[in-house]
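# Structure assessment
Residue strings, one per chain:
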Amino acid sequence: MVRLATSSPLLSILAIAIGASGCGHKPAAEKQGIEKGAVVQQVVASIPQRKTLTLTTTQPGRIEAFEETPLYAKTAGYVAEVLVDIGDVVQKDQTLIKLSIPELVDDVEQKEALIAQAEAEVKQAQSAVVAAGAAAQTANSKIKEMEAGIDRAQADLERWKSEHARIKDLAEKGSVTKKLEEETYSQLRSAEATTREVAAKSESSRTASYEAQANVGKAQADQGAAEARLRVAKADLAHAKTMLAYTQIKSPYDGTVTQRDVDTGHFVQPASDGAGKPLMVVAHTDMVRIFVNVPEMEAPYVDAGDPAKIRAQALTASEFDAAVVRTGWSLQESNRSLRAEIDVPNPHGIMRPGMYAVATIKLAERENALVLPATAIVRDAAGTACMVVDDGKIVRCPVELGLRSGGEIEILSGIDEGQMIVLKQPEALKPGQSVSVAPAAK
């Protein structure tokens, strides 16, 4: 005889198969009827309901300003005037604190004087460019004049060459005197000298023109340098004015002064890496943030845009509609929760930073869902199931679960609407067990 171990996987599979085989069908034992003397257990059972199932999470949170900015001094100086105090509502770019730093005022005046000097140098350089250009133009005109003189001298030279040749020929024939020939030769030599002189003057004019052009280039370079110095002077002035503007500490946005740690006459120094107390703190309170930590089991359902309702503990009569704006996406290691942020308009300043709040976030919703109480679900090694009463017998039906809200849970598959489901202590029942359904409580 071959014995099978009770822990055999095959026997376990067979047992599960036998237990689950009866969903919607009558088991073999049922066909034989209830054995004589068998104890019939009474159970609480009902059919599943169709309803809209909504999953929400209600978590404590804290209210913080939408923005909060500590204000520090940029440069060292004395406090000349404090224009606001804690609780004051301020506007963007409104001056809150004035510092007295006379050396910055002197620096601005010096930079303005340097700009005036640089502008004068630019004008002087521009005039030099104009003068150099006029001189170059005069030199070019002189060259043209010399070129015309060369043409005249060359023509005169050619005429006397021809005249000397003609007189020389006549003198050799005795038609004219030798003296006339000598006079003609003298005129020829004079014309040659004039031609050389005009050529030399022309070359000198060209040299003068080159020099004039060079002076134009130098004057233009001087003008460029003067304009560059002017730009540098203007940049220095802009920097000086920027530093002077830091003597007025202004509000970065519309908000409320929540902290003040400075008085008139105090000597303040620039903050080093944000260390030390700020002179003043301004908070943006027209909009507030609600920070909520959602537990790990509900974190996958949280998305930006999920509707939420906010109740502040100090404002018991008020409830504010809002929505999740952003989440941290990853869970915080310290408490395995997801950080969610909810922005709530606060135009009248009802909600104040530091208040405690309770946020109810609508995570998911299923319309026309098949719903059972969570107590009707059996969880064991074989999975999740419901115990169905079928003609007085218990049938184990594996089910697939969906959304859970409070004490109710959605059934995605495994049972039908008309089946009678054991609602309380189903884990104490066994497949095939004879039961009777208790009358519904009135």
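See the structure shown above.
Counting restarts for each chain, with residues numbered from 1 along the sequence as it is written. Whole-chain, interface and lining totals are the exception, using all residues; otherwise, since this is a predicted model, local features are given only for residues with pLDDT of at least 70 and side-chain atom pairs are given and counted only at 80 or more. Computation of side-chain values covers all heavy atoms of the structure but excludes hydrogens and water.

### Section: the overall build of the protein chain
A count of helical and extended segments in the protein chain gives four helices and 21 strands. Note that accessible areas follow from Shrake-Rupley with a 1.4 Å probe, and for residues the cover is restricted to the protein chains shown. When the accessible surface of the protein chain is split by element, carbon and sulfur atoms take 52% of a total near 26600 Å². Helix and strand definitions follow DSSP, with helices as H or I runs of at least four residues and strands as E runs of at least two, each counted in order from the N terminus.

### Re the sheet that holds strand S4 (residues 77-82)
Strand pairing is assigned whenever DSSP identifies at least 2 bridges connecting the two strands. The strand order across the open sheet built from four strands is S7-S6-S4-S9, with neighbouring strands paired in antiparallel fashion. Across the chains shown, the open sheet's two edge strands, defined by having one partner strand only, are strand S7 (248-250) and strand S9 (267-268). Where S4 and S9 come together, two bridges link them in antiparallel fashion. Note that in S9 the partner of glycine 77 across the bridge is valine 268.

### Some points on the nonpolar core
Judged by nonpolar contacts, the single largest core of 30 residues is most densely connected at Ile63, Ile290, Ile310, Ile342 and Val344. Elements with a minimum of two residues in this core: strand S3 (49-71), strand S10 (280-295), strand S11 (307-312), strand S12 (320-327), strand S13 (337-345) and strand S14 (356-373). Of all the elements, S14 adds the most residues to this core, at seven residues. Here isoleucine 310 is in contact with Ile290, Ser318, Glu319, Phe320, Ala322, Ile342, Val344, Ala357, Val358 and Ala359, once residues within four sequence places are set aside. What makes a nonpolar core is a set of buried Ala, Val, Leu, Ile, Met, Phe, Trp, Tyr and Cys residues whose side-chain atoms join them at distances within 4.5 Å. Each residue's exposure class comes from its accessible area (1.4 Å probe, protein chains only) as a fraction of the maximum for that residue type: buried when under 20%, exposed when over 50%, partly exposed otherwise. Counting residues in hydrophobic clusters, the runner-up holds 20 residues, among them Ala73, Leu99, Val257 and Val268. The contact criterion used throughout is that any non-hydrogen atoms of two residues lie within 4.5 Å.

### With respect to the packing of helix H3 (residues 102-173) against helix H4 (residues 178-245)
Between two packed helices, both the angle of their axes relative to each other and the distance between the axes serve to describe the pair. Close contact between H3 and H4 brings their axes to 5 Å; oriented N to C, the two are set at 170°. With respect to their mutual orientation, H3 and H4 come out roughly antiparallel. Classified by chirality, the crossing of H4 by H3 is left-handed. Split by residue class, the contact of H3 with H4 holds 39 nonpolar, 17 polar and 21 charged. As a rule, the C-alpha atoms of each element are fitted with a line to give its axis, helices using only the stretch in contact, and angles between N-to-C directions run from 0 to 180 degrees. Throughout this description, any angle smaller than 35 degrees is read as roughly parallel, any larger than 145 degrees as roughly antiparallel, any in the 65 to 115 degree range as roughly perpendicular, and the remainder as oblique. Crossings are sorted by hand: turned counterclockwise from the far helix by less than a right angle, the near helix makes the crossing left-handed, and turned clockwise it makes it right-handed. Ten residues, namely Ala, Val, Leu, Ile, Met, Phe, Trp, Tyr, Cys and Pro, are considered nonpolar, four, namely Asp, Glu, Lys and Arg, are considered charged, and the remaining ones, Gly among them, are considered polar.

### Digging into the pairing of strand S18 (residues 400-405)
As judged from the four bridges shared by S18 and strand S19 (residues 408-413), these two strands associate in the antiparallel manner. Across the sheet, leucine 401 pairs through a bridge with isoleucine 411, a residue of S19. The loop that links S18 with its antiparallel partner S19 comprises two residues; one of these, glycine 406, has a positive phi angle of about 60°.

### Quick word on the packing of aromatic side chains
Pairing of aromatic rings covers Phe, Tyr and Trp, the last counted by its six-membered ring, and requires centre-to-centre distances within 6.5 Å; plane angles under 30 degrees mean stacked, over 60 mean edge-to-face, and any other angle means tilted. Counted under the stated rule, the structure contains one aromatic pair. The criterion is that NZ of a Lys, or CZ of an Arg, lies within 6 Å of the ring centre and within 35 degrees of the ring normal, and then a charge sits over that ring. The aromatic ring of tryptophan 160 is capped on one face by arginine 159, whose charged end is 4.5 Å from the ring centroid. Directly above the ring of phenylalanine 66 sits arginine 289, whose terminal nitrogen or CZ lies 4.1 Å from the centroid.

### Comments concerning H3
An α-helical segment advances 3.6 residues per turn. Residues three or four places apart therefore align on the same side. Here the expected span of a helix is defined as 1.5 Å times the quantity of residues minus one. Compared with the 106 Å implied by 1.5 Å per residue over 72 residues, the 106 Å span of H3 between its first and last C-alpha is a close match. Phi turns positive one or two residues past the end of H3, at glycine 174, with a value near 85°.

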